[in-house]
Amino acid sequence: MNLDDILVIGAHTEVSSFNENSYLIINNITGKYIKINQNFYQIIQLFDGKRDLREIYFEYNKTYQNITQEKVLIVSEKLDKIGIFETSPNINQRKKLPPYLSFGFIFFKAQWVSKIVPYLKFLFNKKIAITFLSLSFLTLCFLLYKNYNNTEEIDVLKIAFFFIPISLLCTLFHELGHATATHYYKAKHGGIGFGLYLYFMPVFFADVTDIWRLKKWERIIVNASGVYFALIFCTILILLSVVASSKTLFAIGSALAFKQLYNLLPYLRTDGYWIASDYFNQPNLMINSFNQFQKLVSFSFAELSRKDYLLALYGLFNFGLMFYFIGYMLAFHFFEIICFPQKLFLFISIISLKSFYYSFSEISKVLPVIIFYFFVSRILVNLGKKYLKVKKK
């Protein structure tokens, strides 16, 4: 791309207001979008198919603040990458999965999802939603009461046999929650897929990219709806376990319900993270919060607004919590961390046995060690990526 190019915004492109100071430029063919500020928006208004980029540069500087020719080229190239112009080579390019997902694919097509979600819209009726949320809250309190310091042993292998299919059903219902909320607010939903987060953690996802055109609180409800649906699933499972006096169903329901509480933490790429992202109106919350945190520790207070301070505090919480947890585990659970690989190998070696018993309290001791290894792996992967980028330069 050079300054002699004449560009025009394509008919397939939509410009949508995101908040007071920013806009979304959306390719309606692929669903790709980019968030831009007010200055970028003013430049885009000049892409009329009559002026070349050099003329746009001069025209913009007559009316607005000074901008360099290099900046005009950068803006144009960014828009061209997502197929915004009539002549863009990427107009019909298939939308890629987010960079934090590896080996991802859609297994439940959007057409199939669209046949199901209309029948689930009733769950967003105000009275029905309050009833289910209240019932779910009481169920969680009951689970905390029953499982607190519970030393009763359970057959892990027997539960694993049932846990995997039931967990998959719960996860599918969780993702249908996001898709149903998207449909409820009249935005477009995609399919439901599977991928690896940070190369090794299996995750499911629902393509609800289109919700960025919704209002802030509507987006928050969409991102919270997965947990809402999953809690309904868990509540029904717990009630069935009580009626059937099934310890297996009770254990599975407990594990899945507590997993939903983890999903609400505003950390990593959980639902809580996306809820926080919507609250702050920041599509790249993790990066932006870290940038504001850097300004705070470098005493650049003049550059920070009230919202920036909140983002900086979120960045402090996000990174501080991770390093505090790692330090705590190394200081007080070093022996468990060192012995974990050996215990994991032992578990795998006896997995062919007919039964393998573990108590809830023993399981609760293993989970922090697994989370520790997850955090450390994440740090090492990110450091590896940065090293490779520096090496390429």
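Here, every reference points to the structure presented above.
Residues numbered from 1 in each chain as written. Predicted model: local features only at pLDDT ≥ 70, side-chain atom pairs only at ≥ 80, totals over all residues. Heavy atoms only, no water.

Chemist: What is the right way to read the nonpolar core from this model?
Modeler: The tendency in soluble globular proteins is for nonpolar side chains to be buried side by side. Within the largest apolar cluster, 38 residues are counted, with the highest numbers of intra-cluster contacts made by Val 113, Leu 176, Phe 229, Phe 233 and Leu 256. Counting residues per element, the ones that place at least two in this core are helix H5 (126-147), helix H6 (156-184), helix H7 (216-244) and helix H8 (247-263). For this core, the element with the highest residue contribution is H7, accounting for 11 residues. If near-sequence neighbours (up to four positions away) are discounted, Leu 256 is found in contact with Phe 163, Ile 166, Ser 167, Cys 170, Phe 233, Cys 234 and Leu 237. One finds Leu 3, Leu 46, Tyr 60 and Val 75 within the second-largest nonpolar core, a separate group that totals 23 residues. (Core = buried A, V, L, I, M, F, W, Y, C linked by side-chain atoms within 4.5 Å. Buried < 20%, exposed > 50% of the residue type's maximum accessible area, 1.4 Å probe, protein only. Helix = DSSP H or I, 4+ residues; strand = E, 2+ residues; numbered from the N terminus. Contact = heavy atoms within 4.5 Å.)

Chemist: Can you walk me through a nonpolar patch on the surface in this structure?
Modeler: A contiguous nonpolar surface patch, about 340 Å² in accessible area, is contributed by Phe 142, Tyr 145 and Val 242. In this structure Val 242 comes out as partly exposed when scored by relative accessible area, which is 49%. (Patch = residues over 30% accessible without salt bridge, like charges linked within 9 Å, V, L, I, M, F, W, Y side chains within 5 Å. Areas by Shrake-Rupley, 256 points an atom, 1.4 Å probe, with all protein chains shown as cover. Salt bridge = Lys/Arg side-chain N within 4 Å of Asp/Glu carboxyl O.)

Chemist: Please clarify how the side chain of Ser 289 should be interpreted in this entry.
Modeler: Note that Ser 289 resides in helix H10 (residues 285-297). When its relative accessible area of 0% is taken as the criterion, Ser 289 is described as buried. Residues within four places of Ser 289 in sequence aside, it is in contact with Leu 311, Ala 312, Tyr 314 and Gly 315.

Chemist: Looking at this structure, how should I read the packing of aromatic side chains?
Modeler: In this description, an aromatic ring pair is defined by two values, namely the gap between the centres and the angle between the planes. Going through the model one piece at a time under the given rule, you end up with 22 aromatic pairs. On the numbers, 5.2 Å between centres and 65° between planes, the contact of Phe 47 with Phe 85 is edge-to-face. With Phe 47 in the loop between helix H1 (38-44) and strand E5 (48-52) and Phe 85 in the loop between helix H3 (69-81) and strand E6 (101-108), this pair connects stretches of sequence that are 38 residues apart. Judged by its relative accessible area of 4%, Phe 47 is buried. Judged by its relative accessible area of 0%, Phe 85 falls in the buried class. An aromatic cluster of three or more residues is present, and its members are Phe 124, Phe 173, Tyr 184, Tyr 185, Tyr 228, Phe 229 and Phe 233. Note that Lys 216 overlies the ring of Tyr 279, its terminal NZ or CZ placed 4.9 Å from the centroid. (Phe/Tyr/Trp six-rings, centres within 6.5 Å; stacked < 30°, edge-to-face > 60°. Lys NZ or Arg CZ within 6 Å of the ring centre and 35° of its normal.)

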